[in-house]
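Residue-level structure breakdown
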Amino acid sequence: MSFDVFFSYARKDPTDIVAEVYDRLTENGISVWWDVKEMTQREPTFTEEIGLIIKKVKRLVLFIGPGMAESEYVDAEWRYARACGVKVYPLIIRHSENGGRTLDLVPQRLRKMHIRDLTDPGSRNVELDKLIRDLTEELRPLAPLLNVPALPNGYVERNVYLDTLVDRFFGQGSDSI
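This structure is a prediction, so every number in the text was calculated from the model and none was measured. (Residues numbered from 1 in each chain as written. Predicted model: local features only at pLDDT ≥ 70, side-chain atom pairs only at ≥ 80, totals over all residues. Heavy atoms only, no water.)

We now examine the overall build of the protein. Along the protein, the regular secondary structure elements total 7 helices and 5 strands. In the protein, the order of α-helices and β-strands from amino to carboxyl end is β-α-β-α-α-β-α-α-β-β-α-α. Of all 177 residues assigned to the protein, the portion counted as buried reaches 41%. When contacts within the protein are restricted to residue pairs at least 6 apart in sequence, long-range pairs at least 24 apart make up 74% of them. (Helix = DSSP H or I, 4+ residues; strand = E, 2+ residues; numbered from the N terminus. Buried < 20%, exposed > 50% of the residue type's maximum accessible area, 1.4 Å probe, protein only. Contact = heavy atoms within 4.5 Å.)

Right, dumping it as structure tokens:
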């Protein structure tokens, strides 16, 4: 089965909001890969399946809360998605604890993106409607590069090394990390 969206979240953060977002998206015809619903077996392994699904989707919904900041899995998921050209949609589902700034929870590379705040139940439906609109719009192709210098003489494409590293990280190689 193919999916439109991958959910990346930390189990320490409130999964009731994740479930609410899942319900709203699926009610609107958006197919979502969420481990709670889709992983019924452990073959392939957890990290192998995540890597395979992320390569196939075009969008990843990143749920941001204090647990996300501590989760190596969530960090690896959104970074891998970006490397694969998957569009990331950050959603704040819990504010920072101990009076810290919520923005501090957002990875630096994502701070300039539009981040939806789902922490207020009163405005959550409006924000979810906007998210659904965004997820159902056709993704625009990347623009051609203009005024970008050519690669230097002697440049060697090293995708094999990158693919090997990614496969090792996600447990797809014989000598997984």
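Picking up where we left off.
All right, on to unusual backbone geometry then. Backbone geometry places asparagine 147, a non-glycine residue, at a positive phi of 55°. With respect to the helices, strands and loops of the structure, asparagine 147 is situated in the loop between α6 (121-136) and α7 (159-169). Of the residues examined, asparagine 147 reaches a relative accessible area of 82% and is grouped as exposed.

Roughly 540 Å³ of internal volume is contained in the largest pocket. What lines the largest pocket is a set of 20 residues, and nearest its centre among them are Lys87, Val88, Tyr89, Met113 and Leu139. Taken together, the elements giving at least two residues each to the lining of the largest pocket come down to β4 (87-92) and α6. Tallying contributions element by element places β4 first for the lining of the largest pocket, with 5 residues. Among the residues making up the lining of the largest pocket, the classes are represented as 10 nonpolar, 2 polar and 8 charged. (1 Å grid on protein atoms, 1.4 Å probe; cavity = no way out; pocket = protein on both sides within 12 Å on 5 of 7 lines; lining within 4 Å. Points joined across faces, edges and corners; volume = space filled by probe spheres on them. Nonpolar A, V, L, I, M, F, W, Y, C, P; charged D, E, K, R; others polar.)

Let us look at the side chain of aspartate 35. By the secondary structure assignment, aspartate 35 is in helix α2 (residues 35-38). A distance of 2.7 Å separates polar atoms of two side chains, one belonging to aspartate 35 and the other to tyrosine 9. Ignoring sequence-local partners within four residues, the contact set of aspartate 35 consists of Tyr9, Arg11 and Phe46. (Polar contact = N/O pair within 3.5 Å; in protein donor to acceptor, adjacent residues only side chain to side chain.)

Before going further, it helps to examine the packing of helix α1 (residues 15-27) against α6. Contact pair α1 / α6: the axes reach a minimum separation of 10 Å and the direction vectors enclose 50°. The angle between α1 and α6 falls in the class oblique. In terms of crossing hand, the pair formed by α1 and α6 is right-handed. For the pair α1 and α6, the contacting residues are Ile17, Glu20, Val21, Arg24 and Leu25 in the first and Arg124, Asn125, Leu128, Asp129, Leu131, Ile132 and Leu135 in the second. Among the residues making up the contact of α1 with α6, the classes are represented as 7 nonpolar, 1 polar and 4 charged. (Axes fitted to C-alpha atoms, helices over the stretch in contact; angles between N-to-C directions. Parallel < 35°, antiparallel > 145°, perpendicular 65-115°, else oblique. Left-handed = near helix turned anticlockwise from the far one by under 90°.)

Considering all chains together, one arrives at 6 aromatic pairs under this definition. Plain terms: the ring middles of phenylalanine 7 and tyrosine 22 are 6.3 Å apart, the flat faces sit at 80° to each other, and that makes the pair edge-to-face. In this pair, phenylalanine 7 is assigned in strand β1 (residues 5-8) and tyrosine 22 in helix α1, connecting sequence segments 15 residues apart. For the residue pair phenylalanine 7 and tyrosine 22, the accessibility class agrees, reading buried in each case. Connected via pairs of aromatic rings, a cluster forms that spans Phe7, Tyr9, Tyr22, Trp34 and Phe63. (Phe/Tyr/Trp six-rings, centres within 6.5 Å; stacked < 30°, edge-to-face > 60°.)

Another aspect to go through is α6. Under the 1.5 Å per step criterion, the end-to-end length of α6 is 23 Å for 16 residues, consistent within 8% with the ideal 22 Å. Its buried side turned inward, α6 meets β1, α1, β3 (59-64), β4 and β5 (116-117). Two or three places before glycine 122, at the start of α6, stands the capping residue aspartate 120, its side-chain oxygen 3.0 Å from that residue's backbone nitrogen. (Expected span 1.5 Å × (residues − 1).)

Let's shift gears to the nonpolar core. Membership of the largest hydrophobic core comes to 24 residues, with the highest contact counts inside it found for Phe6, Trp33, Ile54, Leu60, Leu62 and Ile64. Going through the elements one at a time, α3 (46-56), β3, α5 (72-83) and β4 are the ones with two or more residues in this core. Tallying contributions element by element places α5 first for this core, with 4 residues. Setting aside residues up to four positions removed in sequence, leucine 62 forms contacts with Ser8, Met68, Val74, Trp78, Val88, Tyr89, Pro90, Leu91 and Leu110. Counting residues in hydrophobic clusters, the runner-up holds 21 residues, among them Tyr9, Val18, Val21 and Val61. (Core = buried A, V, L, I, M, F, W, Y, C linked by side-chain atoms within 4.5 Å.)

Any functional reading would require information that these geometric values do not contain.
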